[in-house]
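Next come the chains, spelled out residue by residue.
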Amino acid sequence: MTAAAAACGGGAGTEKRADGKLAFTVAVIEPDLTTVPVLAAADALRRRGHDVKIVELAEPELAIEGLAQGDYAISAEATGPALSAVEQGAPIKIIADVVGNQWALYGRKGVSSCDELGGRPFGIFSEGAVATAIAKDWVRASCDGGEHPDYLTIGGSDVRAQALVSGEIDATPLEVSDAVALESSRAPGAARLTKVADFAKTLPDLHPQTVYANADFLGDHRGVAQEFVTALVREHARINARPQRLVELARTHLPEEDEGDVARVAERYRDARLFDAAALTPRNVQGTIDFFARAGVIGQGVRAKDAADLSFIRAASNAAKGAS
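Just so it is clear, the model here is predicted, and its values are computed rather than measured.

Conventions and cut-offs
- Residues numbered from 1 in each chain as written.
- Predicted model: local features only at pLDDT ≥ 70, side-chain atom pairs only at ≥ 80, totals over all residues.
- Heavy atoms only, no water.
- Helix = DSSP H or I, 4+ residues; strand = E, 2+ residues; numbered from the N terminus.
- Buried < 20%, exposed > 50% of the residue type's maximum accessible area, 1.4 Å probe, protein only.
- Polar contact = N/O pair within 3.5 Å; in protein donor to acceptor, adjacent residues only side chain to side chain.
- Axes fitted to C-alpha atoms, helices over the stretch in contact; angles between N-to-C directions.
- Parallel < 35°, antiparallel > 145°, perpendicular 65-115°, else oblique.
- Left-handed = near helix turned anticlockwise from the far one by under 90°.
- Contact = heavy atoms within 4.5 Å.
- Nonpolar A, V, L, I, M, F, W, Y, C, P; charged D, E, K, R; others polar.
- Phe/Tyr/Trp six-rings, centres within 6.5 Å; stacked < 30°, edge-to-face > 60°.
- Lys NZ or Arg CZ within 6 Å of the ring centre and 35° of its normal.

Caption draft 1: Structural detail: unusual backbone geometry. Even without being a glycine, Glu30 presents a positive backbone phi close to 35 degrees. Assignment of secondary structure puts Glu30 in the loop between β2 (22-29) and α2 (36-47). On the accessibility criterion, Glu30 (56% relative accessible area) is exposed. The backbone of Arg273 shows a phi angle near 60 degrees, a positive value even though the residue is not glycine. Structurally, Arg273 can be placed in the loop between α12 (259-272) and α13 (282-294). Judged by relative accessible area, Arg273 falls into the exposed class, the value being 73%.

Quick look at the structure:
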């Protein structure tokens, strides 16, 4: 993110139509099940007459740059790049949660602690991935013997899951969807895996994936931004009330996903309370900031009030309470 890019925020790629409705763009990064409620919220705004375009990008940094330059109004993905952009002065605000901390560390049979991983192959996606930062934070806090794992970069969560089953690595952080797929796998090694650490419990204030928006869009079109956040809060509530809702939405937005796996993932999300767009608070936003500062992604000066505008989820939650 350049300073020049961060300085540009006007317009947010938004056009006001003659009928008073808006045309704007939402950027998503290689959509998965956590993105489906965001896409459903966009559908809800289309039904209200707005022209919402979805752009799929390969990296969160591309979405951040587009938000800063005003090409996109809203995006939903990794929190770290958004905080880095905010630190550099980009006109971006976090406005809702995508999913809670769903990462856990899985290991081969017999692995129950960090010290048993000293010098052993440990799969990561990349040095800059949030799961890598979470895993290394756990290693720093948990390895008493002074030995660290041998970090191997071998691809996405699903690829690392297969490497774990095949014995190529001894441990790796996995998302809920890939852990569920492993549990239902018939591969010989799948049944022998163990959950070594649940990062939702060790890092309860960390929210690795959030919804963020161009600040000018929020200021100029607050009503529409509120519609979007409220729609997302409602979608999460519907999925929590009836997990089959996620299966139905996935048929539309991710038709290639196995419906049995989606149903199991939805149940897991519901049981762990991972889907709650209104879950952000000043405390856990600051906790998330502090984690990324500790991981070296950002400096120590970012504050929750600078990075987030939580008024949208407060309004959505109040509306939900009033309707119940």
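Caption draft 2: Local environment of the side chain of Thr34. Note that Thr34 resides in the loop between β2 and α2. Here Asp32 takes part through its side chain, which lies 2.6 Å from a polar atom of the side chain of Thr34. A polar atom in the side chain of Thr34 sits 3.4 Å from the side chain of Gln209.

Caption draft 3: Quick look at the packing of α2 against helix α10 (residues 222-241). Where α2 meets α10, the closest approach of the two axes is 8 Å, and the angle between their N-to-C directions is 125 degrees. Of the possible angle classes, the one that applies to α2 and α10 is oblique. The crossing of α2 and α10 is right-handed. Together, Pro37, Val38, Ala40, Ala41, Ala42, Ala44 and Leu45 of α2 and Val224, Glu227, Phe228, Ala231, Leu232, Glu235, His236 and Ile239 of α10 make up the contact between the two elements. In the contact of α2 with α10, the residues fall into twelve nonpolar, one polar and two charged.

Caption draft 4: Highlighting the side chain of Thr132. By secondary structure assignment, the location of Thr132 is in helix α5 (residues 130-142). Only 2.6 Å separates the side chain of Thr132 from the backbone oxygen of Ser126, close enough to count as a polar contact. Excluding anything up to four places from it in sequence, Thr132 contacts Ile124, Phe125, Ser126 and Glu127.

Caption draft 5: Molecular detail of the packing of aromatic side chains. Within this structure, the stated rule accounts for five aromatic pairs. Centre to centre, the rings of Trp138 and Phe199 are 6.5 Å apart; their planes meet at 65 degrees, and the pair counts as edge-to-face. Of the two residues, Trp138 is situated in helix α5 and Phe199 in helix α8 (residues 199-202); the sequence distance between them amounts to 61 residues. Where Phe291 meets Phe292, the ring centres are 5.2 Å apart and the plane angle is 80 degrees; that geometry is what we call edge-to-face. Here Phe291 falls in the buried class, since its relative accessible area comes to 1%. For Lys136, the ring lying beneath its charged end belongs to Tyr151, and the centroid distance is 4.8 Å. The side chain of Arg222 reaches across the aromatic face of Phe312, ending 4.2 Å from its centre.

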